[in-house]
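Listed below, chain by chain, are the residues.
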Amino acid sequence: MTAEARRQLPAIDRLLQESTVRAWLERHGRPTVVAALRQAVDEAREATVRTGTVPSLVAILERAAAHLAAATRPSLRPVINATGVIIHTNLGRAPLSAAAIAAMERVSRGYSTLEFDLATGERGSRHSHLERLLQAVTGAEAGIAVNNNAAAVLLALTALAPGREVIIARGQLVEIGGGFRIPDVLRQSGARLVEVGTTNRTYLSDYEAALTPETALILRVHASNFRIVGFTHSPSLADLAALAHRHGLPLLDDLGSGALLDTAAYGLAHEPMVQESLQAGADLVCFSGDKLLGGPQAGIIVGRRDLIERLKRHPLARAVRIDKVSLAGLEATLRHYQAGEAVQAIPVWRMIATPAEALRSRVEAWAAHLAAYGLRATVVPTQATVGGGSLPGETLPSWALALTPTDGAAQTLAARLRQADPPVVGRIERDRLLLDARTVLPEEEPLLLAAVRQALGAA
Ligand SMILES: *Cc1c(COP(=O)(O)O)cnc(C)c1O
């Protein structure tokens, strides 16, 4: 590069005087803006060496603006879920109800009664806010919420079985995903794992034979994300509970998703319900807040009051406690069940309950909208899933917009839609990109269509 060309490259100090850059400084602060300017000037220097001409000031500022936008954009961003997987763990599981979002915003904005008793003016307990609601919606004597269900299981085992034996069927030693493996959790809690039965068949007598004076409890884990079919057997929860109780032991049931409503009412198999486990005699039942409950991330434990009190007093309870924002969202979500309006108010249940024909109409409207822009898309029947480790292999009939790229692969189109703002995530089937309506919230439709128009138009 000639000395002349080098002189023509603007200095950072000089760029900082530009009126556009002064506006950036006010919004983003000096270090971030200077870093973006440096990147742009470095690129301009390379371009000058390559081409022999210095890029214009306008071009350099445009590049700096792009670097600044990339550096200041949030990393955790909303996306439109068009995958057809309702409880999509990688996409943040359950979208929340309007009431839950409002409750979370209210409690974030200022101070709250988190641990404050208004009647006495003294310290209160964060566990008090959910107690009566959990009793009302599950029928349990008592309940608490913690950070997530993994923490709920760990807390229950740590508080009730340290140094002692926990009996579990071999077929239930599952890995849930995200590194949550039941044998590892048991080890972490300090309990000793006693496996009984075989992978496919376990009888009540297997449990009975494994009981010793060292036994602390019997654990049942819902095999959330897989199914063993064929020559199988496991004792009923009621029989397991009766056996545990005859020996003065508690039965802990980790339901994973844990529905409060019957999934069978919507053409799906029956996902085990929290109320059923309690009625069958489980002493403690754990489940997630953000799977089929449809609330924020949380783990809920309901059951016998004396056991719940032991969990509350254990030091680990403090380490895995729920935060005030999730607590507010969880309370509002549980109130929907109490009011009998869960299917209408909670997005996860609304998605499950929407008839396929209604989805077909929506997708037809999407295709008509695109046709008006001269863009071709077809309307195809699909199978959506519940996800979140519930109902493996079960599907809900659904409808999707199928996009067949004329140039390049469906992967390229999918990548383009992921670059949209907000990004759109679909799924690829047989070289077509499918955008499934079951998981797209109605208010997201204009943004989804804008993203598709742009992605196809750019093709
Ligand atoms: C999902 C699941 C968990 C973990 O729950 P998180 O809320 O994700 O921590 C534990 N046990 C079972 C059976 C599950 O399905």
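Provided above is the structure to which this section pertains.
Residues numbered from 1 in each chain as written. Predicted model: local features only at pLDDT ≥ 70, side-chain atom pairs only at ≥ 80, totals over all residues. Heavy atoms only, no water.

**Q** Just checking my understanding: could you explain the overall build of the chain for this structure?
**A** A count of helices and strands for the chain gives 20 helices and 18 strands. In the chain, which comprises 459 residues, the proportion classed as buried is 48%. Intrachain contacts of the chain at a sequence separation of at least 6 include 73% that bridge at least 24 residues. For the chain, the computed accessible surface area is about 21,800 Å², with 52% contributed by carbon and sulfur atoms. Between the centroid of the 48 positive side chains of the chain and the centroid of its 45 negative side chains there is a distance of 5 Å. (Helix = DSSP H or I, 4+ residues; strand = E, 2+ residues; numbered from the N terminus. Buried < 20%, exposed > 50% of the residue type's maximum accessible area, 1.4 Å probe, protein only. Contact = heavy atoms within 4.5 Å. Areas by Shrake-Rupley, 256 points an atom, 1.4 Å probe, with all protein chains shown as cover. Lys, Arg positive; Asp, Glu negative; His and termini not counted. Charge placed at Lys NZ, Arg CZ, Asp CG, Glu CD.)

**Q** Please clarify how the site of the ligand should be interpreted in this entry.
**A** Surrounding the ligand, one finds 13 residues, the nearest of these being Ala150, Ser224, Asp254, Ser288 and Lys291. Contact distances for the ligand include 3.0 Å between an oxygen atom and a backbone N or O atom of Asn149. The separation between an oxygen atom of the ligand and a polar side-chain atom of Ser288 is 2.5 Å. In the complex, the protein chains occlude 94% of the 380 Å² of accessible area that the ligand would expose alone. Here the shell around the ligand is built from residues that sort into four nonpolar, six polar and three charged. (Near = heavy atom within 4 Å. Polar contact = N/O pair within 3.5 Å; in protein donor to acceptor, adjacent residues only side chain to side chain. Nonpolar A, V, L, I, M, F, W, Y, C, P; charged D, E, K, R; others polar.)

**Q** Is there a simple way to explain the pairing of strand β14 (residues 378-387) in this structure?
**A** Consecutive residues of a regular strand have side chains that alternate between opposite faces of the sheet. With two bridges joining them, strand β2 (residues 85-87) and β14 adopt parallel strand pairing. The partner of Val85 across the bridge, within β14, is Thr385. (Pairing = 2+ DSSP bridges.)

**Q** Any chance you could explain the pattern of salt bridges here in plain terms?
**A** Oppositely charged side chains may form a pair once their charged atoms are brought near each other. Applying the stated criterion across every chain, the model contains 26 salt bridges. Between Arg45 and Asp42 there is a salt bridge, with its nearest N and O atoms 3.2 Å apart. A residue pair is termed a helical-turn pair when its members lie 3 or 4 positions apart in one helix, as Arg45 and Asp42 do in helix α4 (residues 30-51) at three residues. Using a relative accessible area of 37% as the deciding quantity, one classes Asp42 as partly exposed. When the shortest N-O distance is used, the salt bridge between Arg305 and Glu309 registers 3.9 Å. Residue Arg305 and its partner Glu309 are both found in helix α13 (residues 305-313); the two are separated by four residues, about one turn of the helix. (Salt bridge = Lys/Arg side-chain N within 4 Å of Asp/Glu carboxyl O.)

**Q** For this particular structure, what's the right way to read the packing of aromatic side chains?
**A** Between two aromatic rings, the relevant description is the distance of the centres plus the angle of the planes. This model, assessed by the stated rule, comprises one aromatic pair. It is Arg201 that lies over the ring of Phe231; its NZ or CZ is 3.7 Å from the centre. Over the aromatic face of Tyr373 sits the side chain of Arg453, whose NZ or CZ is 4.7 Å from the ring centroid. (Phe/Tyr/Trp six-rings, centres within 6.5 Å; stacked < 30°, edge-to-face > 60°. Lys NZ or Arg CZ within 6 Å of the ring centre and 35° of its normal.)

**Q** Sorry, what's going on with the sheet that holds strand β13 (residues 299-303) here?
**A** Sheet strands associate in pairs through backbone hydrogen bonding, adopting either a parallel or an antiparallel arrangement. Taking strand neighbours across the sheet as the criterion, the seven strands line up as β5-β13-β12-β11-β10-β6-β9 in an open arrangement whose pairing is mixed. Since the sheet does not close on itself, it has two edges, and those belong to β5 (142-146) and β9 (192-196), each with one partner. Strand-to-strand twist in this sheet, taken as the mean axis angle between neighbours without regard to direction, amounts to 20°. Relative to strand β12 (residues 284-288), strand β11 (residues 251-256) runs parallel, the two being bridged by four bridges. Considered in β12, the bridge of Asp254 is made with Cys286. Running over the sheet, helix α11 (residues 237-246) touches β10 (215-221) and β11 and is turned about 150° from β11. Against the sheet, α13 touches β5, β12 and β13, its axis set at about 30° to β5. (Axes fitted to C-alpha atoms, helices over the stretch in contact; angles between N-to-C directions.)

**Q** It is not clear to me how the sheet that holds strand β17 (residues 427-429) should be interpreted in this structure. Could you clarify?
**A** An order of β2-β14-β15-β18-β17 is seen for the five strands of this open sheet, with the pairing classed as mixed. Both outer strands of the open sheet, β2 and β17, are each paired with one neighbouring strand and no more. Mean inter-strand twist for the sheet, computed between neighbouring axes without regard to direction, equals 45°. Pairing of β17 with strand β18 (residues 432-436) involves three bridges; the strand directions are antiparallel.

**Q** Mind showing me how you'd approach helix α7 (residues 128-138) here?
**A** Three- or four-residue spacings in an α-helix give side chains the same orientation, since the helix completes a turn every 3.6 residues. All of the buried residues along α7 are Leu130, Glu131, Leu133, Leu134, Val137 and Thr138. In the core, the buried residues of α7 are packed alongside β5, α12 (274-280), β13, α13 and α15 (324-338). The first or second residue beyond α7 is Gly139, which carries a positive phi of 85°.

**Q** Would you mind showing me how to read the packing of helix α8 (residues 149-160) against helix α9 (residues 182-189) here?
**A** Each packed pair of helices is defined by two parameters, the angle between the axes and the distance between the axes. Between α8 and α9, whose axes approach to 8 Å, the crossing angle comes to 45°. On the basis of their axis angle, the class for α8 and α9 is oblique. Considering the relative orientation of α8 and α9, their crossing is right-handed. Contacts from Val153, Leu154, Leu157 and Thr158 of α8 reach α9 at Val185, Leu186, Gln188 and Ser189. (Parallel < 35°, antiparallel > 145°, perpendicular 65-115°, else oblique. Left-handed = near helix turned anticlockwise from the far one by under 90°.)

**Q** Hey, could you run me through helix α20 (residues 445-457) in this one?
**A** In a regular helix each residue adds 1.5 Å, so 13 residues correspond to 18 Å; α20 covers 18 Å between its end C-alpha atoms and thus fits that length. At its buried positions, α20 is contacted by β1 (80-81), α18 (356-372), β15 (396-403), α19 (410-418), β16 (424-425) and β18. (Expected span 1.5 Å × (residues − 1).)

**Q** Whenever I open this one, the packing of α18 against α20 confuses me. Can you help?
**A** It is the contact of α18 with α20, at a shortest axis distance of 11 Å, that shows an interaxial angle of 40°. Here α18 lies oblique to α20, going by the angle between them. For the pair α18 and α20, the sense of crossing is right-handed. Contacts between α18 and α20 pair Arg362, Trp366, His369 and Leu370 from the former with Glu445, Leu448, Leu449, Val452 and Arg453 from the latter. Residue composition of the contact of α18 with α20, by class: five nonpolar, one polar and three charged.

Read these as spatial facts, not as claims about activity.
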